[in-house]
Amino acid sequence: MKHVIALDVGGTGMKAALVGADGALLHEARRATGRERGPDAVVETIMDFAAGLRAYGEATYGESASAAGVAVPGIVDAGNGIAVYAANLGWRDVPMRDLLSRRLHGVPVALGHDVRTGGLAEGRIGAGRGADRFLFVPLGTGIAGAIGINGVIESGAHGYAGEIGHIVVRPGGVLCGCGQRGCLERLASASAVSAAWAAACGDPDADAADCAKAVEAGDARAREVWLDAIGALADGLVTALTLLDPRTLIIGGGLAEAGETLFTPLRAAVAERVTFQKLPQIVPAALGDTAGCLGAGLLAWDLLATNAADPTHATEEATEVSA
């Protein structure tokens, strides 16, 4: 059975699958990233994980995977197959595509950015299916974005497109790790809401999910924290939709798990802020934590389609890997 390897590398864990031509997950597996062991050990773990998946596919389906797709965090040069930098994993300039292809005996490999890869899956087979223009925004530890145009994710001239979390929505506000003050992700990410609610309620272990529950229970302090975050998020999203004019706005990540406790006031806040802009559909992500893995599978199948359409592309890649 023809299949590809899909790998989604996170800061704490990795999700992987063998994906069939119809997009079905034929086999799923998870493994700890082990970042405490250092970047070299993490890269080796990725290689071993992929090799194990290849062996499983051969034993189970009678043939090796036709390609592999891998999604990684941080700064990614997808065109050259390089994992440029990831603060959480400590690596710099890892030639991930070539390393993986060698370990997989020359199988072609596609490399992608984790959020953009998740956005690819949400756009094609998830909440954005059928939308010619969409913006995928996961609200997690930070806030990122993936810009979808006709089933393809726009990475930008330098691979930085979609970094909505670093739109300044509160000038002069709290310092962000990027060096600016008042960035969206310092005010409206799940980690930002967790910190604000922990301070407001006096419980250092309280998090964003606890804040959402308190909002639902009618707690006035929680409502203030929640609406402050939603106001900042709405400001950032209106800036994004003014620039991009998406047909669908897909919100994912941990904060989206609050359901209508988030979406009802968020839709209202965005609607209050638009003037001439067209209001997009604002919908929850549909694929959960499988989006990155499914997207990695799509990258692999796309690579095979590209190679089939342009055989010189496959030959050039094979030459690069063997060099």
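Structure: above.
Here, residues in each chain are numbered from 1, in the same order as that chain's written sequence. At least 70 in pLDDT is required for a residue's local features to be given in this predicted model, at least 80 for side-chain atom pairs to be given and counted, and no such filter applies to totals for whole chains, interfaces and linings, which use all residues. Side-chain figures throughout are based on the complete set of non-hydrogen atoms in the structure, without hydrogens or water.

Asker: Quick question: what am I supposed to make of the environment of Pro-280 here?
Answerer: Here Pro-280 shows up in the loop between α8 (260-273) and β13 (281-284). When a residue's accessible area, from a 1.4 Å probe over protein chains only, is under 20% of the maximum for its type it is buried; when over 50% it is exposed; and in between it is partly exposed. Residue classification places Pro-280 among the buried residues on the basis of a relative accessible area of 8%. Separated by 145 residues in the primary sequence, Pro-280 and Leu-135 place their C-alpha atoms 9.7 Å from one another. If near-sequence neighbours (up to four positions away) are discounted, Pro-280 is found in contact with Leu-241, Pro-246, Arg-247, Thr-248 and Leu-249. Each helix corresponds to a stretch of at least 4 residues labelled H or I by DSSP, and each strand to a stretch of at least 2 residues labelled E; elements are numbered beginning at the N terminus. Contacts are assigned to residue pairs that have any heavy atoms within 4.5 Å of one another.

Asker: How should the pattern of salt bridges be read in this particular structure?
Answerer: When the charged atoms of two side chains lie near each other, side chains of opposite charge can form a pair. The working definition used for a salt bridge is a side-chain nitrogen of Lys or Arg within 4 Å of a carboxyl oxygen of Asp or Glu. Summed over the entire model, instances satisfying the criterion amount to 12 salt bridges. Salt-bridge contacts for Asp-8 lead to Lys-15; the nearest nitrogen and oxygen are separated by 3.7 Å. Of the two residues, Asp-8 and Lys-15, both sit in the buried class. Sharing partners across several salt bridges, the network here consists of Glu-44, Asp-48 and Arg-103.

Asker: For this particular structure, what's the right way to read the layout of surface pockets?
Answerer: Rolled over the atoms, a probe with the dimensions of a water molecule shows which regions are left empty. Considering only enclosed or pocket space, the largest pocket measures out at about 1,700 Å³ in volume. Only protein atoms enter the 1 Å grid used here, on which a cavity is any set of points holding a 1.4 Å probe that cannot leave and a pocket is any open set flanked by protein within 12 Å on both sides along at least five of seven lines; residues with an atom within 4 Å of a point are listed as lining. Pro-73, Asp-114, Val-115, Thr-141 and Gly-142 are the residues nearest the centre of the largest pocket, which is lined by 49 residues in total. For the lining of the largest pocket, the secondary-structure elements that each account for two or more residues are β1 (3-9), β2 (13-20), β6 (82-86), α3 (114-125), β9 (133-138), α4 (185-188), β12 (248-252) and α9 (291-309). Looking at which element gives the most residues to the lining of the largest pocket, the answer is α3, with four residues. Note on residue categories: nonpolar means Ala, Val, Leu, Ile, Met, Phe, Trp, Tyr, Cys or Pro, charged means Asp, Glu, Lys or Arg, and polar means any other residue, Gly included. Of the residues contributing to the lining of the largest pocket, the split by class is 21 nonpolar, 18 polar and 10 charged. Grid points are joined across faces, edges and corners, and a volume is the space filled by probe spheres set on the points.

Asker: So what exactly am I meant to see when it comes to empty space enclosed by the protein here?
Answerer: Scanning the entire structure with this criterion turns up two cavities of 30 Å³ or more. When its volume is computed, the largest cavity comes out at roughly 40 Å³. Lining the largest cavity we find Val-19, Gly-23, Ile-125, Leu-294, Gly-297, Leu-298 and Trp-301. The biggest single contributor to the lining of the largest cavity is α9, with four residues. Of the residues contributing to the lining of the largest cavity, the split by class is five nonpolar, two polar and no charged.

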